[in-house]
Amino acid sequence: MTGGPAPRYVALPVTPASSRDITLLIPDDQPVAAIISACARAGGALLEAVAVTQEYRSADLPAGQRSVTFHLTYRASDRTLEAAEVDQAESRLLGVLQRELGVHRRDQGAPAPE
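No experiment lies behind these values; they were computed from the predicted model shown. (Residues numbered from 1 in each chain as written. Predicted model: local features only at pLDDT ≥ 70, side-chain atom pairs only at ≥ 80, totals over all residues. Heavy atoms only, no water.)

## Some remarks on the overall build of the protein
In terms of regular secondary structure, the protein is built from two helices and four strands. When its helices and strands are written in sequence order, the protein yields β-α-β-β-α-β. Taken over the C-alpha atoms alone, the protein extends approximately 60 × 40 × 20 Å along its principal axes. Relative to its 114 residues, the protein shows a buried fraction of 33%. (Helix = DSSP H or I, 4+ residues; strand = E, 2+ residues; numbered from the N terminus. Buried < 20%, exposed > 50% of the residue type's maximum accessible area, 1.4 Å probe, protein only.)

Written out as structure tokens, the structure is:
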């Protein structure tokens, strides 16, 4: 009997994850994949996963914007993360999103026109 490649096994994590949800205002023409890619780059070694949990469009939002909620999972393989470490990683990630893509948290409102 011939089959595909042998299954690969990965050990289960031994340290707890820390999860955060962030809701971002994103231009309608901005692909979510670009946001996820930027998160992966900016999140560093502690960012384990990024997933979209909700997308919201409404006349209540600024024109040309949509609201997207991302679930971020952080984990260190050798220790339990401190809240300050996760705060710092999230702050760095949000800074990159702002600088590179002009994306910011929804609770901060629309950016001022330049």
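On we go from here.
## Here's the deal with helix α2 (residues 83–101)
The first and last C-alpha atoms of α2 sit 26 Å apart over 19 residues, in line with the 27 Å expected at 1.5 Å per residue. For α2, the complete set of buried residues consists of V86, A89, E90, L93, L94, G95, V96 and L97. In this structure, the buried side of α2 is in contact with β1 (18–27), α1 (32–42), β2 (47–56), β3 (65–74) and β4 (104–105). Positive phi appears at G102, one or two residues downstream of α2, with a value of about 70°. (Expected span 1.5 Å × (residues − 1). Contact = heavy atoms within 4.5 Å.)

## Considering the nonpolar core
One finds L24, I35, F70, Y74, L93 and L97 to be the most contacted residues of the largest nonpolar core, which totals 23 residues. Broken down by secondary-structure element, the contributors of at least two residues to this core are β1, α1, β3 and α2. Among the elements that line this core, the one with the most residues is α2, at six residues. (Core = buried A, V, L, I, M, F, W, Y, C linked by side-chain atoms within 4.5 Å.)

## Let's talk about the sheet that holds β3
Taken together, four strands build an open sheet; the order of strands is β2-β3-β1-β4 and the sheet is antiparallel. Looking at the sheet topology across the chains shown, the edges are occupied by β2 and β4. As paired elements, β1 and β4 share two bridges and run antiparallel to each other. Bridge pairing in β4 links L25 to H104. Each of β1, β2 and β3 is contacted by α1, which is oriented at about 155° to β2, the strand it contacts most. Strands in contact with α2 are β1, β2, β3 and β4; relative to β1, the strand with the most contacts, it is inclined by about 15°. (Pairing = 2+ DSSP bridges. Axes fitted to C-alpha atoms, helices over the stretch in contact; angles between N-to-C directions.)

## Examining the pairing of β1
Relative to β3, β1 runs antiparallel, the two being bridged by 10 bridges. Each bridged residue has a counterpart across the sheet, and for S18 the counterpart in β3 is Y74.

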